[in-house]
Amino acid sequence: MNSLTRAKASELAAAIKQGEVSAVEVAQAHLDRIAEVDGTAEAGVHAFLHVDAESALAAAAVVDQRRAEGDELGPLAGVPLALKDVIVTADMPTTAGSKILEGWRPPYDATITTRMREAGIVILGKTNLDEFAMGSSTENSAFGTTRNPWDLTRIPGGSGGGSAAALAAFEAPLAIGTDTGGSIRQPAAVTGTVGIKPTYGGVSRYGLIACASSLDQAGPCARTVLDAALLHTVIAGHDPLDSTSIAQPVPDVVGAARRGAEGDLTGLRVGVVKELGGEGYQAGVEARFNDAVALLSKLGAEVVEVSCPHFTYGLAAYYLILPSEVSSNLARFDAMRYGLRVGDDGSRSAEEVMSLTRGAGFGAEAKRRIMLGTYALSSGYYDAYYGQAQKVRTLIARDFEAAFAQVDVLVSPTTPTTAFPIGEKVDDPLAMYMNDLCTIPSNLAGNASASFPVGLADEDGLPVGLHVMAPVLADDRLYLVGAAVESAYAAQWGGTLLEQAPALEGIH
Amino acid sequence: MPSISREEVAHLARLARLDLAPDELDHLAGQLDQILGAVAQVTEVAADDIPPTSHALPLTNVFREDEPKVCLPAEAVLGAAPAAEDGRFRVPQILGEEG
């Protein structure tokens, strides 16, 4: 096995099970790596907002003890994980990247937090994100920007840039992301990692701080497809505490990842989405995407072009639906029951305190989206904006239905460009929103989608992602395709894409 | 193209309970106008006979048995509040002097 921090999650779990290494040693190696490269808001990767060495080592010690007592350990027991700081944890602060929740300690664990603890996964800490998961760069975090381990002057994607950067910097072999418009897939693409957005309702949202409830979906992030599948299996499945959770068996994603690794896609029908490419797409992104499509053919898949004519309207519909839900969800931050309270000097009313607190506690993007949503939902505009956006949502779902009648999966680039320089789009919301062009349709329709690394763009040497879309509850097809592509490229490159990333210098 | 005035932006901020500084209002007014201009694209789609979708899953109500369960301990919840008193959330005055 490689050094502990370079190993796959599946290898680490096997080594712990065999007694070749202890879970405490594995946790310590990752804590040491974080101390070496993560740095602060000012320098280093800055993937983590909070690292809890004590509780990580304690959780690892429990795994070692269970092994010593002869317990049967699960397939990820003892493996460290980086948790996006929008998932609540009773033993660590949870901020959602917002000043309004700075220092808040949730009184309960999210369902997926509980499931990971029960599986023996060791939570190292909480990762950075755009405030309330709204953004594509982590620049909207109240606690500083995360830097892309491939080039520290560039964004790591967002909102889950912290989780993706933690994987790419070898600070953790597994991470959790949440995806409302691309927040798992876009960071995966720009950091050369694997990110899966499961079918909406496939993973519980209980304890996930809501951005837009009809779109939010938590999912696995990893460096390899099999590792993501193993994590998917731990967190997915019905949860009575989430009324939108699907009461059906979890697709066999681990089996699909193992089959896919054999590299035979004979009989698989793949559709290239005509509308997701061309103008506005970086040449190097299109080149690597075309290579990946050629590879799929070579592996036996039948590739055809498919038209999804309403995808063009996805971005516009999304930026009406999402802010509408955000304006409603963020109303709970009212300075009364948790979080920040400003201006409560005895002379001001609750309403004034609420308004002052929200003005001081929310960042620019949160304010923008609250205002947009308030506008879109206000009488006189509701039918023209929100109502019409909901109809477009129906048309996008119908485009998917028609496409999946012809093909098994759809593909596109994950993002139109590679990682851009920090600061380039921070005050240009429309340019920033374009990052989510390819990923948004799957959130609107609720189907499963993923991003897999397919090489580096020629012009800047930065990672490019292949976006794979599958029908509702056909998450296993993502893993089949992802694993096939991964094993073919591993043979070509002599390892994973991340092994080509420049070494990070220590922060000392 | 929608054109949203600074006055309308200030009204929206009041509705959303957001205390915004004058320069924030100016900045936001321009940006909201630009974003609304772009998203107005949805109105170009002829969709009169198309039903709206509010949610990816066709779920309606989800029921469960009405059984009492242990809830979170009051001290854990109040401990995370900005202010608490006598086992309750303490909040600023809700009604005006005349109330």
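Just so we're clear, the structure is a prediction, and the values are computed from it rather than from any experiment. (Residues numbered from 1 in each chain as written. Chains lettered and ligands numbered in written order. Predicted model: local features only at pLDDT ≥ 70, side-chain atom pairs only at ≥ 80, totals over all residues. Heavy atoms only, no water.)

**Concerning the overall build of chain A**
Heads up, the condition is: Comment: elements are numbered from the N terminus, with helices defined as DSSP H or I runs of at least four residues and strands as E runs of at least two. Only C-alpha atoms enter the radius of gyration, while the globule expectation follows 2.2 Å times N to the 0.38, with N the number of residues. In this analysis, two residues are considered to be in contact whenever any of their non-hydrogen atoms come within 4.5 Å of each other. Reported accessibility uses the Shrake-Rupley method at a 1.4 Å probe radius. Residues are deemed covered only where the shown protein chains occlude them. His residues and chain termini do not enter the charge count, which takes Lys and Arg as positive and Asp and Glu as negative. Here the site of a charge means NZ on Lys, CZ on Arg, CG on Asp, or CD on Glu.
Regarding its fold elements, chain A presents 16 helices and 11 strands. Its C-alpha atoms give chain A a radius of gyration of 21 Å, within 12% of the compact-globule value 23 Å for 508 residues. Referenced to the eigenvectors of the C-alpha coordinate spread, the extents of chain A come out at roughly 65 × 55 × 45 Å. Partitioning the intrachain contacts of chain A with sequence separation of at least 6 by distance along the chain shows that 76% fall at a separation of at least 24. On chain A, roughly 15900 Å² of surface is accessible, and the fraction owed to carbon and sulfur atoms is 50%. When the 37 positive and 60 negative side-chain charges of chain A are each reduced to one mean point, those points stand 3 Å apart.

**Here's the deal with the environment of Thr-418 of chain A**
Residues and elements named next belong to chain A. Relative to the assigned elements, Thr-418 resides in the loop between strand S9 (409-413) and helix H14 (429-433). Thr-418 sits 152 residues away from Thr-266 along the chain, and the two C-alpha atoms are 31 Å apart. When sequence neighbours within four positions are dropped, the list of residues in contact with Thr-418 reads Val-190, Gln-282, Val-285, Ala-457, Asp-460, Leu-462, Pro-463 and Val-464.

**Some points on the interface of chain B and chain A**
Often the size quoted for an interface is simply the accessible area lost on bringing the parts together. Keep this limit in mind: Salt bridge criterion: a side-chain nitrogen from Lys or Arg within 4 Å of a carboxyl oxygen from Asp or Glu. Whenever a nitrogen or oxygen atom comes within 3.5 Å of another N or O atom, the pair is scored as a polar contact, on the condition that within protein one atom can donate a hydrogen and the other can accept it, and that pairs from neighbouring residues in sequence are kept only if both atoms are in side chains.
If you look at the interface, chain B gives 53 residues, while chain A gives 65 residues. Put simply, chain B and chain A have three salt bridges between them. Between Arg-17 of chain B and Glu-351 of chain A there is a salt bridge; the shortest N-O distance is 3.8 Å. Remark: the boundary between chain B and chain A carries 18 residue pairs in polar contact (both at pLDDT 80 or more).

**Here's the deal with the sheet that holds strand S7 (residues 269-273) of chain A**
All names here are of chain A. The condition is simple: We treat two strands as partners when DSSP finds at least two bridges between them. For helices, the axis comes from a line fit to the C-alpha atoms of the stretch in contact; other axes are also lines fit to C-alpha atoms, and the angle between any two N-to-C directions lies between 0 and 180 degrees.
Spatial strand order, S1-S3-S2-S4-S6-S5-S10-S11-S9-S7-S8: 11 strands in an open sheet with mixed pairing. With one partner strand each, in any of the chains shown, strand S1 (48-51) and strand S8 (302-306) form the two edges of the open sheet. In this sheet, adjacent strand axes meet at a mean angle of 30° when their direction is disregarded. Pairing of S7 with S9, which is carried by three bridges, proceeds in the parallel orientation.

**So, the packing of aromatic side chains**
Any two aromatic rings considered together are summarised by their centre-to-centre distance and by the angle between their planes. All names here are of chain A. The cut-off we apply is this: In this analysis, rings of Phe, Tyr and Trp, with Trp reduced to its six-membered ring, are considered paired at centre separations within 6.5 Å, and the interplanar angle assigns stacked below 30 degrees, edge-to-face beyond 60, and tilted for intermediate values. Only protein chains enter the accessibility calculation, which uses a 1.4 Å probe. A residue is then buried if its area is under 20% of the maximum for its type, exposed if over 50%, and partly exposed in between. Ring-over charges, as used throughout, are those where CZ of Arg or NZ of Lys falls within 6 Å of the ring centre and within 35 degrees of the ring normal.
Enumeration over the complete set of coordinates arrives at 15 aromatic pairs over all chains. The interplanar angle of 65° and the centroid separation of 6.0 Å between the aromatic rings of Phe-132 and Phe-362 together place this pair among those described as edge-to-face. A residue pair is termed long-range when its members are at least 10 positions apart, and Phe-132 in the loop between strand S3 (122-127) and helix H5 (161-168) and Phe-362 in the loop between helix H11 (350-361) and helix H12 (364-377) qualify at 230 residues. The exposure class assigned to Phe-132 is buried, which follows from its relative accessible area of 1%. We classify Phe-362 as buried; its relative accessible area is 3%. Members of the aromatic cluster, joined through ring pairs, are Trp-104, Phe-132, Phe-333, Tyr-338 and Phe-362. Note that Arg-6 overlies the ring of Phe-170, its terminal NZ or CZ placed 3.8 Å from the centroid. Taking NZ or CZ as reference, Lys-425 lies 4.2 Å from the ring centre of Phe-420, over its face.

**Quick word on unusual backbone geometry**
Residue and element names in this part refer to chain A. A cis amide bond links Gly-158 with the next residue in sequence, Ser-159, at an omega value of 5°. By the element assignment, Ser-159 lies in the loop between S3 and H5. You will see that Ala-96, though not glycine, has its phi angle at about 55°, which is positive. On the secondary structure map, Ala-96 appears in the loop between strand S2 (80-84) and helix H4 (111-118). On the basis of relative accessibility, which here comes to 0%, the residue Ala-96 falls in the buried class. Phi at Phe-170 takes a positive value of approximately 60°, unusual for a residue other than glycine. Along the polypeptide, Phe-170 turns up in the loop between H5 and strand S4 (174-179). Overall, the relative accessible area of 6% leaves Phe-170 in the buried class.

**Describing helix H16 (residues 475-493) of chain A**
Residues and elements named next belong to chain A. Note the cut-off: An expected span of 1.5 Å times one less than the residue number is assigned to each helix.
Along its 19 residues, H16 runs 27 Å from first to last C-alpha, staying within 8% of the 27 Å computed at 1.5 Å per residue. All of the buried residues in H16 are Asp-475, Leu-478, Tyr-479, Leu-480, Val-481, Gly-482, Ala-483, Ala-484, Val-485, Ala-488 and Tyr-489. Directly beyond the C-terminal end of H16, a positive phi value near 75° is found at Gly-494.

**Comments concerning the side chain of Arg-393 of chain A**
Here Arg-393 of chain A lies in helix H13 (residues 383-406). Summary of buried charges: Arg-393 of chain A has no salt-bridge partner, and the nearest side chain of opposite charge, Glu-325 of chain A, is 4.4 Å away. Within polar-contact distance, the side chain of Arg-393 of chain A engages the backbone oxygen of Leu-444 of chain A at 2.8 Å. Other than its neighbours up to four places away in sequence, Arg-393 of chain A contacts Ser-214, Leu-215, Ile-321, Glu-325, Asn-443 and Leu-444 of chain A together with Thr-53, Ser-54, His-55 and Ala-56 of chain B.

**Some points on H5 of chain A**
All names here are of chain A. For H5, the tally of buried residues reaches eight of eight residues, placing the bulk of the element in the interior. For H5, the complete set of buried residues consists of Gly-161, Gly-162, Ser-163, Ala-164, Ala-165, Ala-166, Leu-167 and Ala-168. Where H5 is buried, its residues touch S1, S2, S3, S4, helix H6 (185-191) and strand S6 (217-222). Following H5 by one or two positions, Phe-170 adopts a phi angle in the positive range, close to 60°.

**Observations concerning the UniProt feature "active site" (unreviewed entry) in chain A**
All names here are of chain A. The condition is simple: UniProt positions are given in the numbering used here, feature names are shortened, and annotations may be inferred rather than shown by experiment.
Per the UniProt annotation, the sites labelled "active site" (unreviewed entry) are Lys-84, Ser-159 and Ser-183. Spanning 100 residues, the annotated positions come together in the fold, the maximum distance between their C-alpha atoms being 10.8 Å. Residue Ser-159 is classed as buried on the basis of its relative accessible area, which comes to 0%. The residues touching Ser-159, leaving out its near neighbours within four places in the chain, are Lys-84, Asn-128, Leu-129, Asp-130, Ala-133, Met-134, Gly-135, Ser-136, Thr-138, Thr-178 and Ser-183. Within the fold, Ser-183 resides in the loop between S4 and H6. Dropping the residues within four chain positions of it, Ser-183 is found in contact with Lys-84, Ala-133, Gly-135, Gly-158, Ser-159, Gly-160 and Thr-178. Engagement of the side chain of Ser-183 in a polar contact is seen with the side chain of Ser-159, the distance being 2.9 Å.

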